[in-house]
Amino acid sequence: MTTTEIKQTVTRVNFAELAPKAFRAVIGLDAAAREGLDPTLVELVQIRSSQLNHCAYCLHMHTGDARKAGESEERLHMTSVWREAKHFFTAREQAALALTEAVTLVADGGVSDAVYAQAAAHFEEQELAHLLALIFTINTWNRIALATGKVAGTDER
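The following refers to the structure shown.

Calculation criteria
Residues numbered from 1 in each chain as written. Predicted model: local features only at pLDDT ≥ 70, side-chain atom pairs only at ≥ 80, totals over all residues. Heavy atoms only, no water. Phe/Tyr/Trp six-rings, centres within 6.5 Å; stacked < 30°, edge-to-face > 60°. Helix = DSSP H or I, 4+ residues; strand = E, 2+ residues; numbered from the N terminus. Buried < 20%, exposed > 50% of the residue type's maximum accessible area, 1.4 Å probe, protein only. Patch = residues over 30% accessible without salt bridge, like charges linked within 9 Å, V, L, I, M, F, W, Y side chains within 5 Å. Areas by Shrake-Rupley, 256 points an atom, 1.4 Å probe, with all protein chains shown as cover. Salt bridge = Lys/Arg side-chain N within 4 Å of Asp/Glu carboxyl O. Axes fitted to C-alpha atoms, helices over the stretch in contact; angles between N-to-C directions. Parallel < 35°, antiparallel > 145°, perpendicular 65-115°, else oblique. Contact = heavy atoms within 4.5 Å. Nonpolar A, V, L, I, M, F, W, Y, C, P; charged D, E, K, R; others polar. Expected span 1.5 Å × (residues − 1). Left-handed = near helix turned anticlockwise from the far one by under 90°.

### Notes on the packing of aromatic side chains
Under the defined criterion, the tally for this structure stands at 2 aromatic pairs. An angle of 70 degrees between the planes, with centres 5.5 Å apart, marks the rings of Phe-23 and Trp-141 as edge-to-face. Separated by 118 residues along the polypeptide, Phe-23 in helix 2 (residues 20-34) and Trp-141 in helix 8 (residues 125-147) bring together distant segments of the chain. The class for Trp-141 is buried, based on a relative accessible area of 15%. Chaining the aromatic ring pairs together yields one cluster made of Phe-15, Phe-23 and Trp-141.

Listed below in structure tokens is the structure:
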């Protein structure tokens, strides 16, 4: 059986219902992380992390949110290949996407000094701290959605 043939046969827990304090804590972290960050940048980071984590639920949600915020289809399509399509993204966005990849894939080699320095060159310290918190948060949401079997397109928030 291939991974595309595997279907969820086990009913998963409703995390929000069964661990409400933990769920509210993640919501609080999410809200705090976003403070002071450009909403478009927030969505790009969440989209890229969700792509890397193969989280269809979050990817669907955040591409929809990005569209509502005015993001172009062209840039949404280029997010997964931003390194090959840099001209679609500002230097600041590229630095955020590079940091997102490094933190999301931290087990593959950590966060290099070069990636961190690039981000630090484009973000003030407080913004950088919030950007890191945002990356931590979307990775947490991705893991919650994947572990609890959230279905793309349902956008149960």
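Once you've had a look at it, read on.
### Some words on a nonpolar patch on the surface
Side chains of Val-106, Val-111 and Tyr-116 sit close together on the surface and give an oily, nonpolar patch of about 240 Å² of accessible area. Val-111 sits in the partly exposed class, given a relative accessible area of 32%.

### Side note on the packing of helix 4 (residues 56-68) against helix 8
Running from amino to carboxyl end, helix 4 crosses helix 8 at an angle of 125 degrees, the nearest separation of the two axes being 8 Å. In this view, helix 4 runs oblique relative to helix 8, as classed from their interaxial angle. Taken together, the residues of helix 8 that come into contact with helix 4 (itself represented by Tyr-57, Cys-58 and His-62) are Ile-138, Trp-141, Asn-142 and Ala-145. Per-class residue counts for the contact of helix 4 with helix 8 are 5 nonpolar, 2 polar and no charged.

### Re the pattern of salt bridges
Inspection of every chain in the model, using the stated rule, returns 7 salt bridges. A salt bridge links Arg-48 to Glu-101; the nearest nitrogen and oxygen atoms lie 2.8 Å apart. Separated by 53 residues along the polypeptide, Arg-48 in helix 3 (residues 39-52) and Glu-101 in helix 6 (residues 91-104) bring together distant segments of the chain. In this structure, Arg-48 and Glu-101 share a single accessibility class: buried. Connected via shared salt-bridge partners are Arg-48, Arg-83 and Glu-101.

### Description of helix 8
Its 23 residues give helix 8 an end-to-end C-alpha distance of 33 Å, which sits within 8% of 33 Å, the value for a rise of 1.5 Å per residue. Where helix 8 terminates, the next one or two residues include Gly-149, which has phi positive at roughly 70 degrees.

### Overview of the environment of Ile-27
You can see Ile-27 is positioned in helix 2. Taking C-alpha positions, Ile-27 is 8.7 Å from Thr-137, a pair spaced 110 residues apart along the chain.

### Describing the environment of Ala-120
By secondary structure assignment, the location of Ala-120 is in helix 7 (residues 113-122). Assessed through its relative accessible area of 38%, Ala-120 is described here as partly exposed. Each C-alpha atom of the pair Ala-120 and Asp-65 lies 27 Å from the other, and the pair is 55 residues apart in sequence.

### Let's talk about the packing of helix 2 against helix 8
Two elements in contact, helix 2 and helix 8, have axes separated by 8 Å at closest approach and are oriented at 145 degrees. For helix 2 against helix 8, the interelement crossing comes out left-handed. Judged by residue contacts, Phe-23, Val-26, Ile-27, Leu-29, Asp-30, Ala-32, Ala-33 and Arg-34 of helix 2 engage His-130, Ala-133, Leu-134, Thr-137, Thr-140, Trp-141 and Ile-144 from helix 8. Residues belonging to the contact of helix 2 with helix 8 are distributed by class as follows: 10 nonpolar, 3 polar and 2 charged.

The values reported here are purely geometric and, on their own, carry no functional implication.
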